[in-house]
Amino acid sequence: MKITISVIKADIGSVGGHIAPSEKLLQTVKQYVVETGKGLLIDNYVSFTGDDIAILMTHTHGEGNEKVHKLAWDAFVTGTAVAKSQGLYGAGQDLLKDAFSGNVHGMGPAVAEMEFEERPGEPFLFFAADKTDPGAYNFPLYLAFADAMNTPGLMLSPKMAKGFKFVIMDVNHTEGDRVVELQAPEDMYDIATLLRDPERYVVESVWSRAAGTQAVSVATSRLHNIAGKYTGKDDPVMLVRSQMDFPATGEVLQPFAVGHFVAGGMRGSHNMPIMPVKLNTTISYFDGPPIVSCASFSIRNGKLTGPVDAFDHPFWDRVRDHVSDKAMEMRKQGFFGAAMLTMNELEYTGIIEKIASIDKKFALRTVQKAA
Ligand code: F6R
Ligand code: MG
Ligand code: MG
């Protein structure tokens with residue numbers, strides 16, 4: 001059976017700053033999706049990660065379907081009214097357009113979708129990150145799908161040994177989707193060359209070369225590219241199908257034990273390590289650290305079984321402690337060097353304006369030449 005999984009997420013307001021949506025807001029969005037989705041959706045799962053609400057939907061209408069996207073948009077609009085009534089911070093902030101037109105691409109909410117023929121056993125992972133941008137998934141995807149040091153399946157499974165196709169997007173190009181297809185293992189160094197710059201080049205999808213089927217879909221939207229200014233970090237969602245032709249679930253999860261440094265954290269302007277957290281985790285230290293959650297599911301005829309929380313295991317407690325240490329180490333150097341993002345990635349324009357005003361005070365020193 002051909003099934004589509006669509007996950008659409010937005011920050012439409014949160015309690016106590018950028019911490020988490022209110023219970024009432026979450027319930028409003030849930031109720032809207034359940035009631036309005038009757039007859040359109042097969043199943044749904046509404047959750048939050050930090051201050052973002054994600055609506056995961058299964059159906060048979062394909063990617064970019066107007067009715068499915070409108071359902072999510074209208075659920076967020078309905079939720080925004082509740083957020084405003086409760087005085088939540090940033091109410092409706094990711095809804096950048098006044099009216100829905102066609103689908104939510106370019107309208108603020110992030111989207112990851114995949115249409116596929118269900119396998120007899122169909123495990124998939126739903127990742128949601130807060131206080132970071134879509135390039136945060138470059139590192140774990142490179143390791144999981146291209147590096148045999150992380151993924152022994154690339155050696156052990158004859159199908160996986162054929163490698164994976166990476167579709168990588170240049171997210172600075174705003175006039176349309178500018179993408180390149182590169183093949184692992186032959187193009188490994190080209191893939192690495194692009195993925196080292198996660199603010200510009202972002203993995204959009206990954207495909208099995210043996211089966212021709214899609215394993216990964218990442219929400220690649222960058223809010224500042226849509227709005228022309230910074231309106232918040234993009235806080236990306238990702239869908240990953242695992243097992244058989246694809247890496248095992250554990251091979252996909254392993255790279256998250258590193259707690260790699262990503263753009264995000266306080267005022268969307270700092271480099272911080274990303275922490276793998278339990279489902280429904282809030283935000284705290286330094287408006288961070290950036291977090292990523294993983295809900296694992298099985299799916300049959302579009303019906304979801306799960307979620308089982310992939311990061312709710314004693315192993316990840318140790319990782320979380322390690323990431324806390326890394327976060328505090330980075331914070332010791334305040335605004336200096338690597339702690340803060342480069343000028344054009346800062347979420348505020350204050351520094352640029354300040355430099356422009358200080359610049360006027362610079363003078364060229366006239367040096368007396370030796371006779
Ligand atoms: C992401 C997030 C941050 C804020 C940023 C700006 O979920 O909440 O990226 O958008 O910290 O915050 P304010 O609105 O406080 O200037
Ligand atoms: Mg936010
Ligand atoms: Mg957020």
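Heads up: the structure comes first, above all this text.
Residues numbered from 1 in each chain as written. Chains lettered and ligands numbered in written order. Predicted model: local features only at pLDDT ≥ 70, side-chain atom pairs only at ≥ 80, totals over all residues. Heavy atoms only, no water.

### Topic: helix α5 (residues 188-195)
Okay, so step 1: Along α5, the residues classified as buried are Met188, Ile191, Leu194 and Leu195. Angularly, the buried residues of α5 cover 130 degrees about the axis, an arc narrow enough to put them on a single face. Residues of α5 that are exposed and point over 90 degrees away from its buried face: Tyr189 and Thr193.
Okay, so step 2: Residues of α5 that are buried sit in contact with α3 (138-146), β6 (164-170), β7 (179-184) and β8 (201-208). (Buried < 20%, exposed > 50% of the residue type's maximum accessible area, 1.4 Å probe, protein only. Helix = DSSP H or I, 4+ residues; strand = E, 2+ residues; numbered from the N terminus. Arc of directions from axis to C-beta. Contact = heavy atoms within 4.5 Å.)

### Remarks on the coordination of the magnesium ion (ligand 3)
Okay, so step 1: Every protein donor of the magnesium ion (ligand 3) is listed here as Asp51 (OD), Asp52 (OD), Asp130 (OD) and Asp235 (OD), and their distances to the metal cover 2.0 to 2.3 Å.
Okay, so step 2: All donors of the magnesium ion (ligand 3) belong to a single chain; written as a sequence motif, their spacing is D-D-x77-D-x104-D. (Donors = N, O, S within 2.8 Å, 3.2 Å for Na, K, Ca; no water.)

### Digging into the pattern of salt bridges
Okay, so step 1: In the structure shown here, the tally under the stated rule is 15 salt bridges.
Okay, so step 2: Between Lys70 and Asp74 there is a salt bridge, and its shortest N-O distance comes to 2.7 Å. Note that Lys70 and Asp74 are positioned in helix α2 (residues 66-85) at a spacing of 4 residues, about one turn of the helix.
Okay, so step 3: A salt bridge links Glu122 to Arg119; the nearest nitrogen and oxygen atoms lie 2.8 Å apart.
Okay, so step 4: A network of salt bridges, in which partner residues are shared, links Lys9, Asp52 and Asp94. (Salt bridge = Lys/Arg side-chain N within 4 Å of Asp/Glu carboxyl O.)

### Describing the packing of α3 against α5
Okay, so step 1: Closest axis-to-axis distance for the α3/α5 pair is 10 Å, and the angle between their directions is 165 degrees. When the axis of α3 is compared with that of α5, the two are roughly antiparallel. Where α3 crosses over α5, the handedness of that crossing is left-handed. In contact with Asn138, Tyr142 and Ala146 of α3, α5 contributes Met188, Ile191, Ala192 and Leu195.
Okay, so step 2: Partitioned by chemical class, the residues of the contact of α3 with α5 number 6 nonpolar, 1 polar and no charged. (Axes fitted to C-alpha atoms, helices over the stretch in contact; angles between N-to-C directions. Parallel < 35°, antiparallel > 145°, perpendicular 65-115°, else oblique. Left-handed = near helix turned anticlockwise from the far one by under 90°. Nonpolar A, V, L, I, M, F, W, Y, C, P; charged D, E, K, R; others polar.)

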